[in-house]
Amino acid sequence: MHRSAPVKKAYLLAGGRGERLRPLTLGMPKCRVPVAGQPMLALWLDLLARHGVTDVLVNVSQHVDQVRAFLSARPAAGPHVTLIHEPEPIGNAGTILANRTFVDQADDFWICYSDNVTDANLTSMGEFHRSHSSIVTMGLFHAPAPEQAGIVDVDESGVVRGFEEKPLTPKSSLANAGIYLARHALLDAIPPRAGVVDFGRDVFPSRVGRIHGFVIEEYLLDIGTPSALERASLEWPAV
């Protein structure tokens, strides 16, 4: 069967301050926190490279010199990385809008949250993306704590019919995995305003019906707390 060309560009969002991982993140950016001996940034760059990504834009809010040094020491065979320093938070959607020229020549592009550890099959997600015309394919997973995630309602054809960020009483455990494959129409859906602009609050709720969901069956864990980091460090070598 003919396989479509891989998506070449990805935004890797690493601007969070990692406050829940303190004191570990007082001296290093969250994307350099090691899981089983490898910084999360390295795990992501390797994953993206395996699925055909050649150009990655990474945003960082603090300890930018550490990230720059890490990238300089990486093998040249990996993706080309554009590093953006964001001293003030502008939100995950705000980062994409502020750097939209990065994907001027790309029909589709990835948006990934770097604080997840995963071996998601991005190639399979890309094939699914090409089967529909929605503005974005949202990676989904079954969240162990759905009240802390963006919960979705998906119909039988995979269309997202409802989205609620961190609901007090979740209707299900099917949640936003922080991995998106987007078309340019998503850029036009981001409100062009100052301050923090967030996909979960400011974009996705108003675009239900124009989003498809793709359930990620592979390993995926949000490294947001010390207990999650400890769990990933024990589990990751075996995945």
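Along its length, the chain carries 7 helices and 13 strands. Here the C-alpha atoms of the chain give a radius of gyration of 17 Å, agreeing with the 18 Å that 2.2 N^0.38 yields for 239 residues. Taken over the C-alpha atoms alone, the chain extends approximately 45 × 45 × 40 Å along its principal axes. Looking at the chain residue by residue over its 239 residues, the buried ones come to 51%.

This part covers the confidence of the model for the chain. Per-residue pLDDT for the chain has a mean of 88; in total, 93% of the residues score no lower than 70. Highest mean pLDDT in the chain belongs to strand S6 (residues 108-113) (96); lowest belongs to helix H7 (residues 226-235) (83).

Here we take up the packing of helix H1 (residues 40-50) against helix H2 (residues 64-73). Interaxial distance between H1 and H2 falls to 11 Å at its minimum, and their mutual angle equals 45 degrees. If you check the angle between H1 and H2, you find them oblique. Between H1 and H2 lies a crossing whose hand is right-handed. Across from Leu-41, Ala-42 and Leu-45 in H1, the residues of H2 making contact are Val-67, Phe-70 and Leu-71. For the contact of H1 with H2, the class distribution of residues is 6 nonpolar, no polar and no charged.

Moving residue by residue along a regular strand, the side chains alternate between the two faces of the sheet. One ladder, built from 5 bridges, connects strand S9 (residues 150-154) with strand S10 (residues 160-165); its direction is antiparallel. Bridged to Val-152 within S10 is Phe-163.

The computed volume of the second largest pocket comes to approximately 200 Å³. Lining the second largest pocket, in full, are Leu-45, Arg-68, Leu-71, Arg-74, Pro-75, Ala-76, Gly-78, Pro-79, His-80, Val-81 and Leu-83. Contributing elements (two or more residues each) for the lining of the second largest pocket: H2 and strand S5 (80-85). Considering only residue class, the lining of the second largest pocket consists of 7 nonpolar, 2 polar and 2 charged.

A word on the side chain of Asp-198. Turning to its location among the elements, Asp-198 is positioned in the loop between helix H5 (185-188) and helix H6 (199-203). Buried charged residue Asp-198 carries no salt bridge. Nearest counter-charge: Arg-201, at 4.2 Å. Separated by 2.8 Å, the side chain of Asp-198 and the backbone nitrogen of Gly-200 make a polar contact. Apart from the residues lying within four places of it in its own chain, the contact partners of Asp-198 are Asn-92, Ala-93 and Val-203.

All right, on to the nonpolar core then. Leu-12, Leu-41, Leu-48, Val-56, Val-58, Trp-110 and Ile-179 are the most contacted members of the largest nonpolar core, which has 35 residues in total. For this core, the element with the highest residue contribution is H1, accounting for 6 residues. In contact with Leu-41, other than residues within four places in its own chain, are Leu-12, Cys-31, Val-58, Val-67, Phe-70 and Leu-71. Counting 30 residues, the second largest nonpolar core, distinct from the first, contains Leu-13, Leu-140, Leu-187 and Phe-204.

A few words now on H2. An α-helix turns once every 3.6 residues. As a result, residues three or four positions apart point the same way. Inspection of H2 places Val-64, Val-67, Phe-70 and Leu-71 among the buried residues, and these make up the whole buried set. Viewed along the axis of H2, the buried residues span an arc of 125 degrees, placing them on a single side of the element. With respect to the buried face of H2, the exposed residues turned more than 90 degrees away are Asp-65, Ser-72 and Ala-73. Taken together, the buried residues of H2 touch strand S3 (38-39), H1, strand S4 (55-60) and S5.

Tracing the sequence through the fold places Trp-110 in strand S6. By relative accessible area, Trp-110 is classed as buried at 2%. Sequence separation between Trp-110 and Ala-98 is 12 residues; the distance between their C-alpha atoms is 16 Å. Not counting chain neighbours up to four residues away, the residues in contact with Trp-110 comprise Val-7, Lys-9, Ala-10, Tyr-11, Val-53, Leu-122, Met-125, Gly-126, Ile-179, Tyr-180 and Leu-181.

The rules behind these values
Residues numbered from 1 in each chain as written. Predicted model: local features only at pLDDT ≥ 70, side-chain atom pairs only at ≥ 80, totals over all residues. Heavy atoms only, no water. Helix = DSSP H or I, 4+ residues; strand = E, 2+ residues; numbered from the N terminus. Rg over C-alpha atoms; globule rule 2.2 N^0.38 Å. Buried < 20%, exposed > 50% of the residue type's maximum accessible area, 1.4 Å probe, protein only. pLDDT = per-residue confidence, 0-100. Axes fitted to C-alpha atoms, helices over the stretch in contact; angles between N-to-C directions. Parallel < 35°, antiparallel > 145°, perpendicular 65-115°, else oblique. Left-handed = near helix turned anticlockwise from the far one by under 90°. Contact = heavy atoms within 4.5 Å. Nonpolar A, V, L, I, M, F, W, Y, C, P; charged D, E, K, R; others polar. Pairing = 2+ DSSP bridges. 1 Å grid on protein atoms, 1.4 Å probe; cavity = no way out; pocket = protein on both sides within 12 Å on 5 of 7 lines; lining within 4 Å. Points joined across faces, edges and corners; volume = space filled by probe spheres on them. Lys, Arg positive; Asp, Glu negative; His and termini not counted. Salt bridge = Lys/Arg side-chain N within 4 Å of Asp/Glu carboxyl O. Polar contact = N/O pair within 3.5 Å; in protein donor to acceptor, adjacent residues only side chain to side chain. Core = buried A, V, L, I, M, F, W, Y, C linked by side-chain atoms within 4.5 Å. Arc of directions from axis to C-beta.

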